[in-house]
Amino acid sequence: MVLADPNSLTRDCFSLGLGTLCQDMTVRSVASLRDAAGVLARDGRTEVVLCNIGAQAGLNDVMCASIRDAVSACLPVPLVIISDRDDGGMILESLRLGVRGYIVPSLGLGVMLEAIRLVAAGGTFVPATSLQSLIAPVPGGIAVPQTPPGASMPVTDRIGGLTPREMAVLTCMREGKSNKLIAYMLGMCENTAKAHVRNVLKKLGATNRTEAAFMAHAHLSRGAALESNQP
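The following paragraphs examine the structure supplied in this document.

Analysis parameters
Residues numbered from 1 in each chain as written. Predicted model: local features only at pLDDT ≥ 70, side-chain atom pairs only at ≥ 80, totals over all residues. Heavy atoms only, no water. Helix = DSSP H or I, 4+ residues; strand = E, 2+ residues; numbered from the N terminus. Pairing = 2+ DSSP bridges. Axes fitted to C-alpha atoms, helices over the stretch in contact; angles between N-to-C directions. Contact = heavy atoms within 4.5 Å. Buried < 20%, exposed > 50% of the residue type's maximum accessible area, 1.4 Å probe, protein only. Core = buried A, V, L, I, M, F, W, Y, C linked by side-chain atoms within 4.5 Å. Parallel < 35°, antiparallel > 145°, perpendicular 65-115°, else oblique. Expected span 1.5 Å × (residues − 1). Polar contact = N/O pair within 3.5 Å; in protein donor to acceptor, adjacent residues only side chain to side chain. Arc of directions from axis to C-beta.

Regarding unusual backbone geometry
In step 1: Residue Leu 75 is joined to Pro 76 through a cis peptide bond whose omega torsion reads 5°.
In step 2: Structurally, Pro 76 is set in the loop between helix 3 (61-74) and strand 4 (79-83).

Right, here's the structure in full:
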């Protein structure tokens, strides 16, 4: 993995943290996306490129052009953005530019590592906290209450023929939890959690966890709107 970060302090912190958390991961740190492209040209084993844009207020023309060029230069290696801003507009613009992941500091290193692995495996990652802002609000809709993991859900709140257990797993997926965290929260072994995740994706026809989370948010938003319009 290659990490591009102009700030030497955060660059060293991310490299040390990820390297400590996953000792079989090699993190090569550079100061810019241009330098990252140079590393890729010399080493064809890189699976993911991370770029920390920090507290960038928005993606201006210069930054957009830089990201677009970086995505093109890194292909077929996916590019993941690290940003201090959990902003739906920035996420959508980043995805439009070809970015395959968007990570915010509130996720923590553990979830960040799972997100990197997801992208390396061919998926796309955005934080679950941003999903609601990416879905257009339904007129007359109301806030969707969070269902505790493992709690039974009404049949009307189930989608894709999911069982109550699979709905609990989907709830955890919406919150961005890894298989290990899902297993811990629901009191099951990690292999069982992985099997449930595969079943959820298959039943929903989703290609990855992010798409499944989008589908769940959209479904629950529509359900809440229908309930709010009932007398």
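Still to come is the rest of the account.
Some points on the sheet that holds strand 1 (residues 2-4)
In step 1: Spatial ordering of the open sheet is given by 2-1-3-4-5, a layout of 5 strands whose pairing is parallel. Lying at the two open borders of the sheet, with one neighbouring strand each, are strand 2 (28-30) and strand 5 (101-103). Sheet twist, expressed as the mean angle between neighbouring strand axes with direction ignored, is 20°.
In step 2: Across the face of the sheet, helix 3 comes into contact with strand 3 (49-54) and strand 4 while running at roughly 145° to strand 4.

Description of the pairing of strand 3
In step 1: Summarising burial for strand 3: 6 of the 6 residues are buried, a large majority.
In step 2: Alternating positions in strand 3 separate into two faces, Val 49, Cys 51 and Ile 53 on one and Leu 50, Asn 52 and Gly 54 on the other, with burial throughout.
In step 3: In terms of strand pairing, strand 1 meets strand 3 through 3 bridges, oriented parallel. From the neighbouring strand, Leu 3 faces strand 3, where its bridge partner is Leu 50.
In step 4: Inspection of the sheet shows strand 3 paired to strand 4 by 5 bridges, in the parallel sense. Pairing of Asn 52 across the sheet is with Ile 82, part of strand 4.

Some words on the nonpolar core
Note on soluble globular proteins: their nonpolar side chains tend to be buried together.
In step 1: Ranked by internal contacts, the top residues of the largest apolar core, which has 27 residues, are Val 49, Leu 59, Ile 67 and Leu 79.
In step 2: The set of elements that each furnish at least two residues to this core consists of strand 1, helix 2 (33-42), strand 3, helix 3, strand 4 and helix 4 (88-96).
In step 3: For Ile 67, the residues in contact, after removing those within four places along its chain, are Leu 59, Leu 79, Ile 81, Leu 97 and Val 99.

What to know about the packing of helix 1 (residues 8-21) against helix 5 (residues 108-120)
In step 1: Close contact between helix 1 and helix 5 brings their axes to 10 Å; oriented N to C, the two are set at 80°. On the basis of their axis angle, the class for helix 1 and helix 5 is roughly perpendicular. Seen from helix 1, the contacting residues are Phe 14, Gly 17, Leu 18 and Leu 21; seen from helix 5, they are Leu 109, Gly 110, Met 112, Leu 113 and Ile 116.

Details of helix 5
In step 1: The end-to-end C-alpha distance of helix 5 is 18 Å, a good match for the 18 Å that 13 residues give at a rise of 1.5 Å each.
In step 2: Burial in helix 5 covers these residues: Val 111, Met 112, Leu 113, Ala 115, Ile 116, Leu 118 and Val 119.
In step 3: At the C-terminal side of helix 5, Gly 122 shows a positive phi close to 110°.

Digging into the environment of Thr 10
In step 1: If you trace the backbone, Thr 10 turns up in helix 1.
In step 2: Exposure remark for Thr 10: the relative accessible area of 28% places this residue in the partly exposed category.
In step 3: Dropping the residues within four chain positions of it, Thr 10 is found in contact with Asp 5 and Asn 52.
In step 4: Engagement of the side chain of Thr 10 in a polar contact is seen with the backbone oxygen of Asn 7, the distance being 3.2 Å.

So, helix 8 (residues 179-186)
In step 1: Every buried residue of helix 8 is accounted for by Asn 179, Ile 182, Ala 183 and Leu 186. One face of helix 8 carries all of its buried residues, which in axial projection span an arc of 100°. Residues of helix 8 that are exposed and point more than 90 degrees away from the buried face comprise Lys 180 and Tyr 184.
In step 2: Taken from the residues just after helix 8, Gly 187 is the one with a positive phi, measuring 70°.

This is a description of form; function is not addressed.
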